[in-house]
Number of protein chains: 2
Amino acid sequence: CYINNCPVGGKRSIMDMEIRQCIPCGPGNRGHCFGASICCGEGFGCYIGTSETLRCQKEDYLLSPCEPSGRACGSNGGKCASSGICCTQESCVLDPICDTRSVFSSD
Amino acid sequence: CYINNCPVGGKRSIMDMEIRQCIPCGPGNRGHCFGASICCGEGFGCYIGTSETLRCQKEDYLLSPCEPSGRACGSNGGKCASSGICCTQESCVLDPICDTRSVFSSD
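Residues numbered from 1 in each chain as written. Chains lettered and ligands numbered in written order. Predicted model: local features only at pLDDT ≥ 70, side-chain atom pairs only at ≥ 80, totals over all residues. Heavy atoms only, no water.

Draft legend 1. Molecular detail of the sheet that holds strand S5 (residues 72-73) of chain B. The eight strands are arranged S5(A)-S6(A)-S7(A)-S8(A)-S8(B)-S7(B)-S6(B)-S5(B) in an open sheet whose pairing can be described as antiparallel. Whereas interior strands pair on both sides, the edge strands pair on one side only; in this sheet they are strand S5 (72-73) of chain A together with S5 of chain B. By the bridge criterion, two bridges tie S5(B) to strand S6 (residues 78-82) of chain B in an arrangement that is antiparallel. The residue of S6(B) that forms the bridge with B:Ala72 is B:Lys79. (Pairing = 2+ DSSP bridges. Helix = DSSP H or I, 4+ residues; strand = E, 2+ residues; numbered from the N terminus.)

Draft legend 2. Highlighting the layout of surface pockets. The calculated volume of the largest pocket comes to roughly 620 Å³. Lining of the largest pocket is provided by 37 residues; of these, B:Asn76, B:Cys87, B:Thr88, B:Gln89 and B:Ser91 occupy positions nearest its centre. Those elements giving two or more residues to the lining of the largest pocket turn out to be strand S7 (85-87) and strand S8 (91-94) of chain A together with S6, strand S7 (85-87) and strand S8 (91-94) of chain B. Sort the elements by how many residues they give to the lining of the largest pocket and S8(B) lands first, with three residues. Each residue belonging to the lining of the largest pocket can be placed in one class, and the counts come to 15 nonpolar, 16 polar and six charged. (1 Å grid on protein atoms, 1.4 Å probe; cavity = no way out; pocket = protein on both sides within 12 Å on 5 of 7 lines; lining within 4 Å. Points joined across faces, edges and corners; volume = space filled by probe spheres on them. Nonpolar A, V, L, I, M, F, W, Y, C, P; charged D, E, K, R; others polar.)

Draft legend 3. Focus on the nonpolar core. With 20 residues, the main nonpolar core has A:Cys33 and B:Cys33 as its most contacted residues. In this structure, A:Cys33 is in contact with A:Tyr2, A:Cys22, A:Ile23, A:Cys25, A:Ile38, A:Cys39, A:Cys56 and A:Pro68, ignoring residues within four places of it in sequence. By size, the runner-up hydrophobic cluster in this structure holds 18 residues, among which are A:Cys40, A:Ala81, B:Phe34 and B:Ile48. (Core = buried A, V, L, I, M, F, W, Y, C linked by side-chain atoms within 4.5 Å. Buried < 20%, exposed > 50% of the residue type's maximum accessible area, 1.4 Å probe, protein only. Contact = heavy atoms within 4.5 Å.)

Draft legend 4. Structural context of the packing of aromatic side chains. Following the criterion strictly, the structure yields three aromatic pairs over all chains and no others. Judged by centre distance (5.6 Å) and plane angle (80°), the ring pair of A:Tyr47 and B:Tyr47 falls under edge-to-face. Here A:Tyr47, found in strand S4 (residues 45-48), pairs with B:Tyr47, found in strand S4 (residues 45-48), and the two come from separate chains. A residue is classified by how much of its surface remains accessible, and B:Tyr47, at 4% relative accessible area, is buried. Ring centres 5.7 Å apart and planes at 40° place the aromatic pair B:Phe44 and B:Tyr47 in the tilted group. One aromatic cluster is present, formed by A:Phe44, A:Tyr47, B:Phe44 and B:Tyr47 through successive ring pairs. (Phe/Tyr/Trp six-rings, centres within 6.5 Å; stacked < 30°, edge-to-face > 60°.)

Spelled out as structure tokens, the structure:
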């Protein structure tokens, strides 16, 4: 389940487990679900409410909590989801903080 | 050009023209660009920073201003971009206001 939506039992047991990434999705399953309608991958960008995100609904039925990994961004607990894109469970915003180049540049 | 980014000359002349939708994009070109990296369509959801959005960069080179049509949503001048999705030039957020069903339901 997406960590913010897990049923109480699941949430209580979070302390006991290692948080995994949410289920794989997108071209070649090379991305990960960020929410029930959001799929992003480093190499391909983000899909919202498209056919690529359909499998992200399955995460709601898994008992163990999941959370995207990656650099924190935005003001609502977002994570960098792809080059230049910051996503939460419900939104994606263009964000230079997530620009791949900014990781290497000295600006 | 995207209406918020048009060069001054373009912006000044807005009053004189009918604002068009931004250039078509996505599967079968059935969607429209919302920003240089965002493509959405009623039937297919939204793409952010994917291969489907590459052609949306071309809009920056057109002189006449464009603006997505549709129902207003969100707090930043967004428009409903697909079923349940509200987008601006730089972001897309899941938003029940844009739910197709809510147009017809009596809730």
